[in-house]
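Each chain, written out:
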Amino acid sequence: TLFRSSSFMSARIFERPAQLKTTQIRRVPKAYPIRWTILLMAADIVLFVVASGLGALIGFHHWSSPRILGHLLAAEAIYVALWVLVFDRLGLYRRTYALSMKDELYYTVAALILGTIPQLVLFTIYPEISTSRIALLWALLFSIVLVGTSRAVFHRLRQSSRLRGSRRISVVGNAESVAE
């Protein structure tokens, strides 16, 4: 007699429930609300002006000439405008990816340093509007402290207002493993 062996493949079929409960997905907003954008930009502009003024007080020593004072004011306006432009282009007025206050500070410092590089290049190319590179570096240091602190505080405020809302927990798995 001949014995034949045949191999069988088995598959286990799991049935799906007729209708799964749908949960409402809470999406992260694509952009800050307009009031946050205005608040962030206004705070940044005020603090950039304060930082550049403090930088000019320390790094600039020729206050007697009206012509030099005009160049100083032009340079201060360029400081502020370029920093705001860099912050906007990097998306710091639209949305944050920072998970903590420390992350927010890191992003702000990086944006401020990136904003300083074009200013140094611009003031090297056009020396007639340049006041003092030392004043710019002092303004950078003051901006890191002032704007970095304000951004960290605003991040904390956003997180606390987000945490005040209802929190939901999602459990993933089948009924048997969830019951364990």
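To start, this report covers the structure provided alongside it. (Residues numbered from 1 in each chain as written. Predicted model: local features only at pLDDT ≥ 70, side-chain atom pairs only at ≥ 80, totals over all residues. Heavy atoms only, no water.)

## Looking at the side chain of Asp44
Put simply, the rule reads: The helix and strand labels rest on DSSP assignments: H or I over at least four residues marks a helix, E over at least two residues marks a strand, and numbering proceeds from the N terminus. Pairs of N or O atoms are called polar contacts if they sit within 3.5 Å, as long as, within protein, a hydrogen donor faces a hydrogen acceptor (for residues adjacent in sequence, only side-chain-to-side-chain pairs). The contact criterion used throughout is that any non-hydrogen atoms of two residues lie within 4.5 Å.
With respect to the helices, strands and loops of the structure, Asp44 is situated in helix α1 (residues 34–59). A polar atom in the side chain of Asp44 sits 2.9 Å from the side chain of Tyr93. Those residues in contact with Asp44 that sit more than four places away from it in its chain are Phe87, Tyr93, Val147, Ser150 and Arg151.

## Structural notes on the pattern of salt bridges
Using the following cut-off: A pair is scored as a salt bridge if a Lys or Arg side-chain nitrogen falls within 4 Å of a carboxyl oxygen belonging to Asp or Glu. Type-normalised accessible area, obtained with a 1.4 Å probe on protein chains alone, sets the label of each residue: buried when under 20%, exposed when over 50%, and partly exposed for intermediate values.
Applying the stated criterion across every chain, the model contains one salt bridge. A salt bridge links Arg151 to Asp44, with the shortest nitrogen-to-oxygen separation between them at 2.7 Å. With Arg151 in helix α4 (residues 133–164) and Asp44 in helix α1, the pair connects residues that are 107 residues apart, well separated along the chain. Accessibility classification places Arg151 together with Asp44 in one group, the buried group.

## So, the nonpolar core
Taken as a class, soluble globular proteins show a tendency for nonpolar side chains to be buried jointly. The cut-off we apply is this: Residue types Ala, Val, Leu, Ile, Met, Phe, Trp, Tyr and Cys, when buried and joined through side-chain atoms within 4.5 Å, form a set referred to as a nonpolar core.
Counting residues in each nonpolar core, the largest one holds 23 residues, and the members touching the most others are Phe48, Tyr79, Trp83, Phe87, Tyr93 and Leu112. Elements supplying a minimum of two residues to this core: α1, α2 (66–89), α3 (101–125) and α4. Once residues within four sequence positions are removed from consideration, Tyr93 is found in contact with Tyr32, Thr37, Leu40, Met41, Asp44, Phe48, Val84, Phe87, Asp88 and Arg151.

## Quick notes on the side chain of Ser52
Relative to the helices and strands, Ser52 resides in helix α1. In this structure, Ser52 is in contact with Glu76, Tyr79, Val80 and Ala139, ignoring residues within four places of it in sequence.

## Describing the environment of Phe48
Structurally, the position occupied by Phe48 is in helix α1. Classification of Phe48 as buried rests on a relative accessible area of 0%. Taking the C-alpha atoms as reference points, Phe48 and Ser143, separated by 95 residues in sequence, lie 6.1 Å from one another. Excluding residues that lie within four positions of it along the chain, Phe48 makes contacts with Val80, Trp83, Val84, Phe87, Tyr93, Leu112, Ser143 and Val147.

## Some details on the packing of aromatic side chains
Put simply, the rule reads: In summary, the pairing rule links any two rings of Phe, Tyr or Trp, Trp by its six-membered ring, whose centres are within 6.5 Å, and it sorts them by plane angle into stacked for under 30 degrees, edge-to-face for over 60 and tilted for everything else.
Under the defined criterion, the tally for this structure stands at six aromatic pairs. Measuring from centroid to centroid gives 5.4 Å for Phe48 and Phe87, while their planes differ by 90 degrees, and the two rings are edge-to-face. Highlighted residues: Phe48 in helix α1 and Phe87 in helix α2, separated in sequence by 39 residues. Phe87 carries the same exposure label as Phe48, and that label is buried. The interplanar angle of 40 degrees and the centroid separation of 6.2 Å between the aromatic rings of Phe87 and Tyr93 together place this pair among those described as tilted. For the pair shown, Phe87 and Tyr93 are each scored as buried. Three or more aromatic residues joined by ring pairs form one cluster here, namely Phe48, Tyr79, Trp83, Phe87 and Tyr93.

## What about a nonpolar patch on the surface?
Selection criterion: Here a patch means residues that are over 30% exposed by relative accessible area and free of salt bridges, tied together within 9 Å if like-charged and within 5 Å if nonpolar (Val, Leu, Ile, Met, Phe, Trp, Tyr). In this description, accessible areas are obtained by the Shrake-Rupley approach with a 1.4 Å probe, and a residue is regarded as covered only by the protein chains that are shown.
On the surface, a nonpolar cluster with roughly 770 Å² of combined accessible area is contributed by Val46, Val50, Leu54, Leu57, Ile58, Ile134, Leu137, Trp138 and Leu141. Contributions of two or more residues to the nonpolar patch are made by α1 and α4. Take the nonpolar patch: its biggest share by element is five residues, from α1. With respect to the helices and strands, the residue Leu57 is situated in helix α1.

## Comments concerning the environment of Thr37
Note that Thr37 resides in helix α1. Ignoring anything within four residues of it in the chain, the contact list for Thr37 reads Tyr32 and Tyr93. For Thr37, the side chain forms a polar contact with the main-chain oxygen of Tyr93, separated by 3.2 Å.

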